[in-house]
Amino acid sequence: QVQLAESGGGLVQAGGSLRLSCVASGSIFSIDTMGWYRRAPGKERELVATTFSGGRTIYADSVKGRFTISRDIAKRSVYLQMNSLKPEDTASYYCNAQLYVCTLCPRTDLWGQGTQVTVSS
């Protein structure tokens, strides 16, 4: 079974840092994009950052200059280094991967179960 497993969330004071990790496991042919989304209480899910197989990255305006996404293709992993955290960054963070489980299979949109990030003021 193909799945994503996140780790690294927690409680941190404003101005602090956290690093989220996500690894894909199972029978995977190739991975296109890997990224992070978040959902704060009472809000819609939003893109935080994503990285494409060619190396291009996209960030939400609210995290530019503070968060850095990186990817280890060989390890099927994506990371999110979060610095200068603010209380408004408090949310459940979800890893997402768009991948193929075989050469002729349609693209699969896969989500992790989420990890909680809480930033205290």
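Preceding block: the structure.
It should be emphasised that the depicted structure is a prediction, and the values quoted were computed from it without experimental measurement.

(A) Focus on the layout of surface pockets. A volume near 160 Å³ is recorded for the largest pocket. Forming the walls of the largest pocket are 13 residues, and the residues nearest its centre are Arg 38, Lys 43, Glu 46, Ser 62 and Glu 88. Partitioning the lining of the largest pocket into residue classes produces two nonpolar, two polar and nine charged.

(B) The arrangement of the state of the cysteines in detail. Going through the model one piece at a time under the given rule, you end up with two disulfides. Bridging Cys 22 to Cys 95, the disulfide has an S-S length of 2.0 Å. The chirality of the disulfide connecting Cys 22 with Cys 95 is left-handed, given an S-S dihedral of about -80°. On the criterion of sequence distance, the pair formed by Cys 22 in strand β3 (residues 18-25) and Cys 95 in strand β9 (residues 91-100) is long-range, its members being 73 residues apart. Residue class for Cys 95 comes out buried when judged on its relative accessible area of 0%. There is a disulfide in this structure between Cys 102 and Cys 105, and the S-S distance comes to 1.7 Å. For the disulfide bridge between Cys 102 and Cys 105, the dihedral angle about the S-S bond is near 100°, and by the sign convention the bridge is right-handed. Assessed through its relative accessible area of 28%, Cys 102 is described here as partly exposed. Taken in sequence order, the bonded cysteines of the chain link in the pattern 1-2, 3-4.

(C) Looking closely at the packing of aromatic side chains. Enumeration over the complete set of coordinates arrives at one aromatic pair. Ring centres of Tyr 37 and Trp 111 lie 5.0 Å apart, and the angle between their planes is 65°; on these two criteria the pair is classed as edge-to-face. In this pair, Tyr 37 is assigned in strand β4 (residues 30-39) and Trp 111 in strand β10 (residues 108-111), connecting sequence segments 74 residues apart. Here the guanidinium or amino end of Arg 45 rests over the ring plane of Tyr 37, the centre of that ring lying 5.8 Å away. One Lys or Arg, Arg 56, reaches over the ring of Phe 52 and ends 4.3 Å from the middle of that ring.

(D) Quick peek at the sheet that holds strand β1 (residues 3-7). Strands sit in the order β1-β3-β8-β7 across an open sheet of four strands; the sheet is antiparallel. Unpaired on one side and paired on the other, β1 and β7 (67-72) mark the two borders of the sheet. On average, each strand axis in the sheet is tilted by 15° relative to the strand beside it, whichever way the strands run.

Calculation criteria
Residues numbered from 1 in each chain as written. Predicted model: local features only at pLDDT ≥ 70, side-chain atom pairs only at ≥ 80, totals over all residues. Heavy atoms only, no water. 1 Å grid on protein atoms, 1.4 Å probe; cavity = no way out; pocket = protein on both sides within 12 Å on 5 of 7 lines; lining within 4 Å. Points joined across faces, edges and corners; volume = space filled by probe spheres on them. Nonpolar A, V, L, I, M, F, W, Y, C, P; charged D, E, K, R; others polar. Disulfide = S-S within 2.5 Å. Helix = DSSP H or I, 4+ residues; strand = E, 2+ residues; numbered from the N terminus. Buried < 20%, exposed > 50% of the residue type's maximum accessible area, 1.4 Å probe, protein only. Phe/Tyr/Trp six-rings, centres within 6.5 Å; stacked < 30°, edge-to-face > 60°. Lys NZ or Arg CZ within 6 Å of the ring centre and 35° of its normal. Pairing = 2+ DSSP bridges. Axes fitted to C-alpha atoms, helices over the stretch in contact; angles between N-to-C directions.

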